[in-house]
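# Architecture at a glance
Below are the chains, spelled out letter by letter.
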Amino acid sequence: MNNLVIMPIIVPLIIGLVMVIFRQKILFHKILSVFTLIATGVISGFLIYQVKYNGIQTLQLGGWEAPFGVSMVADMFSGLLLLTTSIVGLLCLTFAFGSIGEDRERHYFYPLFLFLITGVNGSFLTGDVFNLFVCFEVMLISSYALITLGGEKKQLRESIKYVLINLLASFLFLAAVAYLYSVTGTINMAHLAERVGEVGQSGIITAVAMMFLFVFSLKAGLFLFFWLPGSYSAPPTAVAAIFAALLTKVGIYAIFRFFTLIFYHQPEVTHLIIGIMAAITMLLGAIGAIAFNDIKKILTYNVIVGVGFILAGLATYTHEGLTGSIYYLIHDMVIKAVIFLIGGVIIALVGTSKLNDISGLIKTHPYLGWMFFIVALSIAGIPPLSGFIGKVYITEGTFAVGYYWLGAIGLITSLMVLFSVMKIFMNSFWGETILSEDMEKSSTKGVMFPIVTLVLLTVGLGLGAEGLYDYVNIAVESLMNPSSYIEAVLLGYSD
């Protein structure tokens, strides 16, 4: 057992609670939150190292051996997502320093941010289905507060829809857990995998699997994404960026974990449905992205396209498809954060998100313009940037299993995504300069460091993809070979 496994959850949780006590110490909040995310990132990196050389790391809370106690599990898949979460979270946090505003800071912005990270990290690490529900709720309650923080009319309107949808999803989540427990007699993920493997994925178990797919699809924005465009465009830029980078990814992670560890015995049913949902999601998201002339709408619909593309790789259930999905998942966490941050800066400079009212920013902000251009190419999967590797592998996986229709939709929607983001670039940065620097509503002071760092990261992920391959390959092998996860958690336990 390894006590470090729980530290990415405990550290931000405890520090967040300490910060609540010292509400007025904003500078203290900033310093402490930065050190917390750095510490979480270092711990995540060390866990990745241990998983690579010593295998999957586990911790049985309270000394109760699995499947009777609560298991925390770190494999390479969860480790990579933990590290990416820490990096992206840290950079969105530093962006917030210069943009979130003193009023929100005094109303617990930084503790809420750390509680959100706590829920995300807990979801990646838990080996227990009910504990996954708990971590989802920690994340969601924090997001409820963050989406309404500031009390603007649009925030309150969109938060009602966001909260109601997630309450419904949480209720269905509990119902699905109850059904699963009644059928299998356990909620430990490794034990569930063993039980389902023994009895086979019968009709009722497949029905329960569909319940979980429905719940996690609501959380991830897979097909059931009607709540997402408004909810992600309402909060301040730093909050919208962390939502786009992390929240849908937790739902995606849950789908991956359940449908590679527990419900993988009937891929001709479960994974085909995931593939169909992914295809529809990509198409509808891409149509939404090209239909609007509003920066916020275009960017939020691009979040939806990314969800569909990642899960297209899972639908193939091949080594190539899963490799592409993990590459693209890491890329998507980085790229969605940076494109939302740049989009937020553009809107702050000109005071509007309507493309028809923006023009010529390349003259006053050339660096911002060319960084957006790089990000636009990356999000569309243009080589050698980070989106390219994932798209190649996912497309290869779809062709390998004969899902040519899914691969074709992925390629077509990639072109539509490129058109949508280049529309922002051409309308915002080219043309006649409408505003001089003196007339701008805001400035780029204090917000460029996280943007530059994330842009360099997306370039580095593309150029350094070979160095990441060994780690991604270990993650894929673990997902394709559930016995390694089961053995690590259950040790010598047998029914």
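What comes next is a walk through the structure. From a predicted model like this one, the values you see are computed outputs, not experimental measurements.

### A few points about the overall build of the chain
A count of helices and strands for the chain gives 21 helices and two strands. Taking 495 residues into account, the globule formula puts the C-alpha radius of gyration at 23 Å, and the chain, at 22 Å, falls close to it. Principal-axis analysis of the C-alpha atoms places the extent of the chain at approximately 75 × 55 × 40 Å. Taking all 495 residues of the chain together, 62% fall into the buried category. For the chain, the share of sequence-separated contacts (at least 6 apart) that also reach a separation of at least 24 residues comes to 82%. Only carbon and sulfur atoms are counted for the fraction: they give 68% of the accessible area of the chain, which is about 17,600 Å². When the 23 basic and 26 acidic side-chain charges of the chain are each reduced to a single mean position, those positions are 13 Å apart.

### Description of the pattern of salt bridges
Side-chain pairing between opposite charges can occur once the charged atoms of the two side chains come close. In total, this model carries nine salt bridges according to the counting rule given. A salt bridge links Asp75 to Arg257, with the nearest nitrogen and oxygen atoms 3.0 Å apart. Of this pair, Asp75 sits in the loop between strand S2 (71–74) and helix H3 (76–97) while Arg257 sits in helix H11 (residues 237–261), and the two are 182 residues apart along the sequence. Accessibility classification places Asp75 together with Arg257 in one group, the buried group. Between Lys161 and Glu158 there is a salt bridge, with the nearest N and O atoms lying 3.3 Å from each other. Taken as a pair, Lys161 and Glu158 lie in helix H7 (residues 153–184) at a separation of three residues, close to a single helical turn. Since its relative accessible area comes to 32%, Lys161 is described here as partly exposed. In this structure Glu158 comes out as buried when scored by relative accessible area, which is 11%.

### Thoughts on the side chain of Glu137
Mapped onto the elements, Glu137 comes out in helix H6 (residues 129–148). Although Glu137 lies buried, it forms no salt bridge, and the closest oppositely charged side chain, Lys219, sits 4.2 Å away as judged by the N-O distance. In terms of polar contacts, Glu137 uses its side chain to reach the side chain of Ser170, at 2.5 Å. Setting aside anything within four residues of it in sequence, one finds Glu137 in contact with Ser170 and Lys219.

### What to know about the packing of aromatic side chains
One pass over the structure, following the stated rule, counts 39 aromatic pairs. Between Phe22 and Phe28 the ring centres are 5.7 Å apart and the planes differ by 75 degrees, which places this aromatic pair in the edge-to-face class. On the basis of relative accessibility, which here comes to 39%, the residue Phe22 falls in the partly exposed class. For the ring pair Trp370 and Phe373, a centre distance of 5.7 Å and an interplane angle of 85 degrees mean the geometry is edge-to-face. With Trp370 and Phe373 both in helix H16 (residues 366–380) and three residues apart, this pair spans about one turn of that helix. A relative accessible area of 26% places Phe373 in the partly exposed class. Three or more aromatic residues joined by ring pairs form one cluster here, namely Phe130, Phe133, Phe136, Phe173, Phe212, Phe216, Phe258, Phe259 and Phe263.

### Focus on the environment of Thr453
Secondary-structure assignment places Thr453 in helix H19 (residues 448–463). Residue classification places Thr453 among the partly exposed residues on the basis of a relative accessible area of 26%. Sequence separation between Thr453 and Ile87 is 366 residues; the distance between their C-alpha atoms is 10.0 Å. Reaching out from Thr453, the side chain makes a polar contact with the backbone oxygen of Phe449 at a distance of 2.8 Å.

### Observations concerning the packing of H11 against helix H13 (residues 295–316)
Relative orientation of the contacting elements H11 and H13 amounts to 20 degrees, with a least axis distance of 11 Å. Classified by the angle their axes make, H11 and H13 are roughly parallel. The way H11 lies across H13 gives a crossing that is right-handed. Along its contact with H11, which presents Ala244, Thr248, Ile252, Ile255, Phe256, Phe259 and Thr260, the element H13 presents Val303, Val307, Ile310, Leu311 and Leu314.

### Let's talk about H3
Relative to the 32 Å expected for 22 residues at 1.5 Å per residue, H3 spans 32 Å between its end C-alpha atoms, a close match to the ideal helical length. Extensive coverage of H3 is indicated by the burial of 19 of its 22 residues.

### Some details on the environment of Val51
Tracing the chain through its elements places Val51 in helix H2 (residues 26–54). Between the C-alpha atoms of Val51 and Asp75, which are 24 residues apart in sequence, the distance is 6.2 Å. Discounting chain neighbours no more than four positions away, the residues touching Val51 are Gln57, Ala74, Asp75 and Met76.

### Overview of a nonpolar patch on the surface
On the surface, Phe223, Ile276, Ile280, Leu283, Leu284, Ile287 and Trp405 cluster together into a nonpolar patch covering about 560 Å² of accessible area. No other element matches the five residues that helix H12 (residues 270–291) contributes to the nonpolar patch. Within the secondary structure layout, Leu284 lies in helix H12. Here Leu284 falls in the partly exposed class, since its relative accessible area comes to 39%.

Here is what the cut-offs are and how they apply
Residues numbered from 1 in each chain as written. Predicted model: local features only at pLDDT ≥ 70, side-chain atom pairs only at ≥ 80, totals over all residues. Heavy atoms only, no water. Helix = DSSP H or I, 4+ residues; strand = E, 2+ residues; numbered from the N terminus. Rg over C-alpha atoms; globule rule 2.2 N^0.38 Å. Buried < 20%, exposed > 50% of the residue type's maximum accessible area, 1.4 Å probe, protein only. Contact = heavy atoms within 4.5 Å. Areas by Shrake-Rupley, 256 points an atom, 1.4 Å probe, with all protein chains shown as cover. Lys, Arg positive; Asp, Glu negative; His and termini not counted. Charge placed at Lys NZ, Arg CZ, Asp CG, Glu CD. Salt bridge = Lys/Arg side-chain N within 4 Å of Asp/Glu carboxyl O. Polar contact = N/O pair within 3.5 Å; in protein donor to acceptor, adjacent residues only side chain to side chain. Phe/Tyr/Trp six-rings, centres within 6.5 Å; stacked < 30°, edge-to-face > 60°. Axes fitted to C-alpha atoms, helices over the stretch in contact; angles between N-to-C directions. Parallel < 35°, antiparallel > 145°, perpendicular 65-115°, else oblique. Left-handed = near helix turned anticlockwise from the far one by under 90°. Expected span 1.5 Å × (residues − 1). Patch = residues over 30% accessible without salt bridge, like charges linked within 9 Å, V, L, I, M, F, W, Y side chains within 5 Å.

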